[in-house]
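Notes for the structure review
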Amino acid sequence: MAKRDGDRCVWCGCSFSDENPSTLDHLIPVGWGGRNYFENTVLACEPCNHRRGCSSALFFLYLCAEEGLVSNKETIKRQLALASERMKKAPLAEQKKARQKMLDPHRLLRAGFQYSGNCHV
Ligand SMILES: [Zn+2]
């Protein structure tokens, strides 16, 4: 993971350390049907992971940009596209749930700004 994403938080760009450990953040949130797939996880610092909660990855990316944070956009977008591909091979029931939450990254990009983020919908 660290090799792929670097040793920094994909959202705020802070470096990981003993005091600031990395956490696994799900690009397609678990509450949307996202799973622990390698493709669906990125390394994020605890505060970012917590702050993002279950909001859309692209919505959170937008929030970070608004705050002047330098996010690892390339990794986020690449992994989100891969995670979407991976989800298409998942069991239908799982896909259905995720599809309802706008699985396609391009649709997410347009819709993400309105999404209020609730894990348990
Ligand atoms: Zn962070």
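Residues numbered from 1 in each chain as written. Predicted model: local features only at pLDDT ≥ 70, side-chain atom pairs only at ≥ 80, totals over all residues.

Take the overall build of the chain next. The number of helices and strands found in the chain is six helices and two strands. From first element to last, N terminus to C terminus, the chain shows the α and β order α-β-β-α-α-α-α-α. For the chain, buried positions account for 32% of its 121 residues. For the chain, the share of sequence-separated contacts (at least 6 apart) that also reach a separation of at least 24 residues comes to 67%. (Helix = DSSP H or I, 4+ residues; strand = E, 2+ residues; numbered from the N terminus. Buried ≥ 20, exposed ≤ 12 C-beta atoms within 10 Å, placed from the backbone. Contact = placed C-beta atoms within 7 Å.)

Here we take up the nonpolar core. Counting residues in each nonpolar core, the largest one holds 20 residues, and the members touching the most others are Cys9, Val10, Trp11, Ala44 and Ala57. Those elements giving two or more residues to this core turn out to be strand 2 (41-45), helix 3 (57-66) and helix 4 (73-87). Dropping the residues within four chain positions of it, Cys9 is found in contact with Cys14, Leu43, Ala44, Cys45 and Cys48. (Core = buried A, V, L, I, M, F, W, Y, C linked by C-beta atoms within 7 Å.)

Most of strand 2 sits inside the fold, with five of its five residues counted as buried. Both faces of strand 2 are covered, namely the face carrying Thr41, Leu43 and Cys45 and the face carrying Val42 and Ala44. Pairing of strand 1 (residues 22-26) with strand 2 involves five bridges; the strand directions are antiparallel. Bridge pairing in strand 2 links Thr23 to Ala44. (Pairing = 2+ DSSP bridges.)

Now for helix 3. By the burial criterion, the buried members of helix 3 are Ala57, Leu58, Phe60, Leu61 and Cys64. For helix 3, the angular spread of the buried residues around the axis is 160 degrees, confining them to a single face. Backbone geometry just after helix 3 places Gly68 at a positive phi near 80 degrees. (Arc of directions from axis to C-beta.)

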